[in-house]
Amino acid sequence: MRTTLAVAALLALMPLGLPPYAMTLLTEALIMGLFAMSLDLMVGYARLISFGHAAAYGLGAYTCGNILLHTDIPLPFAVLLSGLFSGTVSIGVAWVCTQATGVSFSMLTLAFAQLLYAVAFKWTDATGASDGLAGIPRRPGPFGTTFFASKIGFYYLTMACLFGGFLFARALVRSPFGAVLRGIRENEAKTLSLGYNTRLYKIAVVAASYMLGGMAGALYAPFAGFANTELLFWLLSGQVLIMVIVGGTGTLVGPILGAAFFLFVQQQLSIYTDSWALFFGVIFIGFVLFAPQGILGLARRGRPTEQHR
Amino acid sequence: MPGMHRRALLMSALASPVVLRHARGETPIKIGMPVALTGPAGEIGAQMRRGAEFWAKHTNAKGGLLGRPIELVIQDTGGDPASCVRKAQDVVERDGCRLLFGMTLSSEALAVVPKLAEWNAVFMSSDNGDGRLTGSSLVPNFFRANTSGPMGTRAVSLYLRQAQFKGFYAIGMDYAWGRNSIGVFKDEIQKAGQNFIGDVYSPIGTKDFSTYIAKIRQSGADACFIVMQGDDNAAFLSQAKQYRLPDKVQLLTEIVDLNSIAATGDASIGLIGSSRYSFTFPGAANAEFVEMWKKEYKTVPDTFEGEQWQAGQVLAAGIAAAGSIDAEKLRVALEHVEIDSIKGHVKIRACDHQGEQQGFMVKVVKKEGAAKPTPELIATFPADRVTPGCGKMTYDS
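Cut-offs used in this document
- Residues numbered from 1 in each chain as written.
- Chains lettered and ligands numbered in written order.
- Predicted model: local features only at pLDDT ≥ 70, side-chain atom pairs only at ≥ 80, totals over all residues.
- Helix = DSSP H or I, 4+ residues; strand = E, 2+ residues; numbered from the N terminus.
- Rg over C-alpha atoms; globule rule 2.2 N^0.38 Å.
- Buried ≥ 20, exposed ≤ 12 C-beta atoms within 10 Å, placed from the backbone.
- Contact = placed C-beta atoms within 7 Å.
- Pairing = 2+ DSSP bridges.
- Axes fitted to C-alpha atoms, helices over the stretch in contact; angles between N-to-C directions.
- Parallel < 35°, antiparallel > 145°, perpendicular 65-115°, else oblique.
- Left-handed = near helix turned anticlockwise from the far one by under 90°.
- Nonpolar A, V, L, I, M, F, W, Y, C, P; charged D, E, K, R; others polar.

**Student:** Quick question: what am I supposed to make of the overall build of chain A here?
**Tutor:** If you tally the helices and strands in chain A, you get 13 helices and two strands. For 309 residues, the compact-globule formula gives about 19 Å, and the C-alpha radius of gyration of chain A, at 19 Å, lands near that figure. Overall, chain A is about 50 × 45 × 45 Å in size when its C-alpha atoms are taken along their principal axes. The 309 residues of chain A split such that 48% are buried. Sequence separation of 24 or more characterises 76% of the internal contacts of chain A that already satisfy a separation of 6 or more.

Next up, the structure:
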């Protein structure tokens, strides 16, 4: 808890010293961090490998975009509502996807995300089709404040969502519920034979994961002022999975670092080459082969006691 | 400089020692240009980039603007609106650009313009077609120096009033510009009491048009209006030729450009359409521009190279009048800019920031002995007939 507070304090001080461009990058890193962390709930704790997590992000982004474009609901509430909506929709998705396990589960999540992608292309009224939703505003409020509409205010809102999401996710995985999830991860048949309805647990964790992922997408829409089908595309699903693995699965903090690392490397490499993805691929392979515990695993290697804290 | 490999930094002042002396010590005017250099619109973006580089080099050789050299900061968007927003944000926040060019697709421009106020940046469009940019989506810092989609479509429909066709079909790229232009065309055709049979839209990047061509053939239309550009346009025209569509149907298009003609060869002969710019346009200013261009690139300038040049000239006139690149002053100055351009007289309207200019109709012909077909001017319409009412996309008469 002390580390969490220290990191929060450090991030809260960032706007004082950083130029606008760095603030933009940092805000995006926090949004992606929340997104990657949400996927870690599924991948790291219940071994539910989703190839379609962009669905959560896109759903959140389009929902928030429409709320902000067409209603007066204040920004923070719009973000929360979008997260809840995304989580609710995912209950149906999870109900279907958890019929299968392993690779089949992954394929079903991918299929569902691609289905949403196709729908978004045709449903012009809600998504703007290939033109996307442009000019998504940051509505003022609540209580008349315009703070969250400002660049720095939006950064603090993002930070609050990330830390709120992190505390929620951590409480979840440390609870008895989280213990059952880990049981599913290690040996689902055994957990089932102990009398746990593992499928319900899986559906619940997918819903929690989609809710947080949806919140990340919901933050992205007013951050960029724009949402289009890219946010539902499999490429994003692949990228977020890479962030989770590079950061370190089953740690919650790792994927947040992974997201920041991914964005940073992308930013730096793309200055020198258009084929940055190629080089990132090499980095990714390196992590899988030599540091399967990810960035967090590397950081903890020197401090073995930390692992069992 | 870390961005050197990726960003094509244009410091043409370096090429000319005389100018260097004047410009030394002056901070450059940076113009950010997020533009589609890859993807289906890549060829158009490449034209825009060449046009901008040529304009910057020419302007710098004359001492720059306000005595400051122009520096272009070019970024590839791939033609994706989300990426375009990010790249535009990059050039504004990281590179400190307060002026913007580029944004090849209308969908990219529509995504970016709501951000202009926050960035305090002015965007001068050289190719965005969607009428909404100077209509319902107009923002104070957006200006359009080029012929818009509705204006190009209007030229076609004015021309058609003299022609006799039984029925019209329309095909467009499935995004902002395609749908907007066909909407205007349909409105024009129906107002003229003619028969509009139907329309169809192909996703950006479509390679195989056989089903679309079959649809057009079966519709019974004897004229088809095409709203496409770049690779899609070239693919459609050459496949239309393979399926002998031009034998049955007169092809009309909103944009005739040399690139598509070169890509389709003789398949483009007989194509009638509006032209936003062609090296064959009349006038001394254009002749001079074409000569300068030929000297630099050993070929004639294409549609978006000419349009980009014109956009540059409009921006330069605005900056000169404002004496500053500060968005607030520049905006006021640009609202009163009038120049004699390569396309004739251009006047920026204060009410909707659209450049009033003539409309041109061309027909693709192959002159005897010529290696490839060229667009030949067949009709010119005055600015007040092709430019829509302020903030509008449709026409009353």
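**Student:** Even after reading the chapter, I still don't get the sheet that holds strand S4 (residues 122–125) of chain B, so can you show me in this structure?
**Tutor:** Hydrogen bonds along the backbone pair up the strands of a sheet, which may run parallel or antiparallel. Residue and element names in this part refer to chain B. A sheet is described by the order of its strands in space; here five strands give the open sequence S2-S1-S3-S4-S5, paired in parallel fashion. Single-partner strands in this sheet number two, and they are strand S2 (70–76) and strand S5 (142–144). Along the sheet face, helix H2 (residues 42–61) touches strand S1 (29–35) and S2 and points at about 170° away from the line of S2. Sheet strands in contact with helix H3 (residues 81–93) are S1, S2 and strand S3 (99–100), and its direction is about 165° off that of S1.

**Student:** What is the right way to read the packing of helix H3 (residues 54–70) of chain A against helix H4 (residues 75–97) of chain A from this model?
**Tutor:** Each pair of packed helices can be summarised by the angle the axes make with each other and by the distance between the axes. Residue and element names in this part refer to chain A. For the pair H3 and H4, the least separation of the axes is 8 Å and the interaxial angle reads 135°. By the angle class used here, H3 and H4 are oblique. Remark: the crossing between H3 and H4 carries right-handed chirality. Of the residues in H4, those in contact with Ala56, Leu59, Gly60, Thr63, Cys64, Ile67 and Leu68 of H3 are Ala78, Val79, Leu81, Ser82, Gly83, Phe85, Ser86, Val89 and Ser90. In the contact of H3 with H4, the residues fall into 10 nonpolar, six polar and no charged.

**Student:** How do you make sense of the interface of chain B and chain A when you look at a structure like this?
**Tutor:** By convention, interface size is frequently given as the accessible area that disappears when the constituent parts associate. Taken together, the contact pairs 21 residues of chain B with 16 residues of chain A. Counting residues per element, the ones that place at least two in the side of chain B that touches chain A are H3 and helix H4 (106–112) of chain B. Considering every element that reaches the side of chain B that touches chain A, the biggest residue donor is H3(B), with five residues. Looking at the side of chain B that touches chain A, its residues break down into 10 nonpolar, four polar and seven charged.

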